[in-house]
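Here are the chains, one letter per residue:
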Amino acid sequence: DAKTTQPPSMDCAEGRAANLPCNHSTISGNEYVYWYRQIHSQGPQYIIHGLKNNETNEMASLIITEDRKSSTLILPHATLRDTAVYYCIGLYRTASKLTFGTGTRLQVTL
Amino acid sequence: KAGVTQTPRYLIKTRGQQVTLSCSPISGHRSVSWYQQTPGQGLQFLFEYFSETQRNKGNFPGRFSGRQFSNSRSEMNVSTLELGDSALYLCASSRQGDHEQYFGPGTRLTVT
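Residues numbered from 1 in each chain as written. Chains lettered and ligands numbered in written order. Predicted model: local features only at pLDDT ≥ 70, side-chain atom pairs only at ≥ 80, totals over all residues. Heavy atoms only, no water.

Asker: Quick question: what am I supposed to make of the overall build of chain B here?
Answerer: Across its full length, chain B holds zero helices and eleven strands. Order of helices (α) and strands (β) in chain B, N terminus to C terminus: β-β-β-β-β-β-β-β-β-β-β. The globule rule puts the C-alpha radius of gyration for 112 residues at 13 Å, and the 13 Å found for chain B is close to it. Projected onto the principal axes, the alpha-carbon positions of chain B cover approximately 40 × 25 × 25 Å. Counting only residues that meet the buried cut, chain B has 48% of its 112 residues in that class. Counting only contacts in chain B whose residues sit at least 6 apart along the sequence, the fraction spanning at least 24 positions is 53%. For chain B, the exposed area adds up to about 5,400 Å²; of that, 46% sits on carbon and sulfur atoms. (Helix = DSSP H or I, 4+ residues; strand = E, 2+ residues; numbered from the N terminus. Rg over C-alpha atoms; globule rule 2.2 N^0.38 Å. Buried < 20%, exposed > 50% of the residue type's maximum accessible area, 1.4 Å probe, protein only. Contact = heavy atoms within 4.5 Å. Areas by Shrake-Rupley, 256 points an atom, 1.4 Å probe, with all protein chains shown as cover.)

Asker: It is not clear to me how the packing of aromatic side chains should be interpreted in this structure. Could you clarify?
Answerer: What characterises a pair of aromatic rings is the spacing of the ring centres plus the angle enclosed by the ring planes. In total, this model carries eleven aromatic pairs over all chains according to the counting rule given. Consider the rings of A:Phe100 and B:Tyr35, whose centres lie 5.9 Å apart with planes at 85°: the pair is edge-to-face. Separated into two different chains, A:Phe100 in the loop between strand E8 (84–92) and strand E9 (104–109) and B:Tyr35 in strand E4 (residues 31–38) make up a pair that spans both. The burial state of A:Phe100 is the same as that of B:Tyr35; both residues are buried. Between B:Phe47 and B:Tyr49 the ring centres are 5.7 Å apart and the planes differ by 70°, which places this aromatic pair in the edge-to-face class. For the residue pair B:Phe47 and B:Tyr49, the accessibility class agrees, reading buried in each case. (Phe/Tyr/Trp six-rings, centres within 6.5 Å; stacked < 30°, edge-to-face > 60°.)

Asker: When you look at the side chain of B:Gln6 in this model, what are you seeing that I'm missing?
Answerer: Residues and elements named next belong to chain B. Within the secondary structure, Gln6 sits in strand E1 (residues 5–7). At 3.0 Å, the side chain of Gln6 forms a polar contact with the backbone oxygen of Tyr89. A distance of 3.1 Å separates the side chain of Gln6 from the backbone nitrogen of Cys91, its partner in a polar contact. (Polar contact = N/O pair within 3.5 Å; in protein donor to acceptor, adjacent residues only side chain to side chain.)

Asker: Explain the pattern of salt bridges here, please?
Answerer: Pairing between side chains of opposite charge can happen when the charged atoms of each approach one another. Residues and elements named next belong to chain B. Going through the model one piece at a time under the given rule, you end up with seven salt bridges over all chains. Put simply, Glu75 and Arg67 hold a salt bridge, and the shortest N to O gap is 3.3 Å. For Arg67, a relative accessible area of 46% corresponds to the partly exposed category. Of the charged contacts in the structure, one is a salt bridge between Glu75 and Arg73, with a shortest N-O distance of 3.4 Å. Classification of Glu75 as buried rests on a relative accessible area of 16%. (Salt bridge = Lys/Arg side-chain N within 4 Å of Asp/Glu carboxyl O.)

Asker: Is there a simple way to think about the interface of chain B and chain A in this case?
Answerer: How big an interface is tends to be stated in terms of accessible area lost as the parts join. At the junction of the two partners, chain B supplies 18 residues and chain A supplies 15 residues. Carbon and sulfur atoms supply 51% of the area buried between chain B and chain A, which totals about 1,500 Å² over both sides. At the boundary of chain B and chain A, one finds zero salt bridges. In this assembly, chain B and chain A are joined by five residue pairs in polar contact (both at pLDDT 80 or more). For the side of chain B that touches chain A, the element with the highest residue contribution is E4(B), accounting for four residues. A breakdown of the residues in the side of chain B that touches chain A according to their chemical character gives six nonpolar, eight polar and four charged. (Buried area = accessible area lost by both parts, 1.4 Å probe. Nonpolar A, V, L, I, M, F, W, Y, C, P; charged D, E, K, R; others polar.)

Asker: How should the pairing of strand E3 (residues 31–38) of chain A be read in this particular structure?
Answerer: Successive side chains on a regular strand alternate, one facing one side of the sheet and the next facing the other. Residues and elements named next belong to chain A. Taking burial as the measure, the eight residues of E3 include eight buried ones, the bulk of the element. Both faces of E3 are covered, namely the face carrying Glu31, Val33, Trp35 and Arg37 and the face carrying Tyr32, Tyr34, Tyr36 and Gln38. Where E3 meets E8, eight bridges bridge the pair, whose relative direction is antiparallel. Its bridge partner lying in E8, Arg37 is registered against Tyr86. The pairing of E3 with strand E4 (residues 45–50) spans five bridges and is classified as antiparallel. Looking at E4, one finds that Tyr34 is bridged to His49. Turn length for the E3-E4 hairpin, with the two strands adjacent in sequence and antiparallel, is six residues, and the turn residue Ser41 shows positive phi of about 65°. (Pairing = 2+ DSSP bridges.)

Asker: Explanation requested: the sheet that holds strand E5 (residues 55–56) of chain A in the structure shown.
Answerer: Sheet strands associate in pairs through backbone hydrogen bonding, adopting either a parallel or an antiparallel arrangement. Residues and elements named next belong to chain A. The antiparallel open sheet is built from four strands, whose spatial order is E2-E7-E6-E5. Whereas interior strands pair on both sides, the edge strands pair on one side only; in this sheet they are strand E2 (18–23) and E5. Where E5 and strand E6 (residues 61–64) come together, two bridges link them in antiparallel fashion. Each residue of the ladder has a partner; that of Thr56, found in E6, is Ser61.

Structure, rendered in structure tokens:
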């Protein structure tokens, strides 16, 4: 599985876009980029995943660079409920063993 | 539909005892994975079961074991508990071929 690097913490004002970066320079061609988040004391929650193309769902957008060495998770209008630890994970399509790093602690403030 | 359920939610045990935790996956999900979360080591993969067979195993001692039943429900067992086993134990389920894993709320185990 690819090693990922994320900033330990970020702040974002409520209503603004939160852009969370992830470096995955060792990712292989068959590995997807997954994003999960964990709100305090709850189980992690799947957000989005992508391989090469940018992806968007009801929760977020995922922008993957052309060389696939990094990606950015975008929460378009952050709310206080988005305060959580966000994990970026590189994983093969058929694998289910998630390897969580230390993630980015996003604090959304008024 | 109902989410992943884990029982019990909280548990206190003493060193040397053993413990069994239970996980009921989402209906139709046949893959169940277990994770341990501690402040020092973060979220770590324990093992994965699919159709009653262990498919993947993390780097944990043999005191940690699990099993899956024919209805996809899973249990994990920790024998000879140590203080360091105090953690939040999370279970996740998924459908074969799906990208998403759905996590339960976890069982918080405290070993005294």
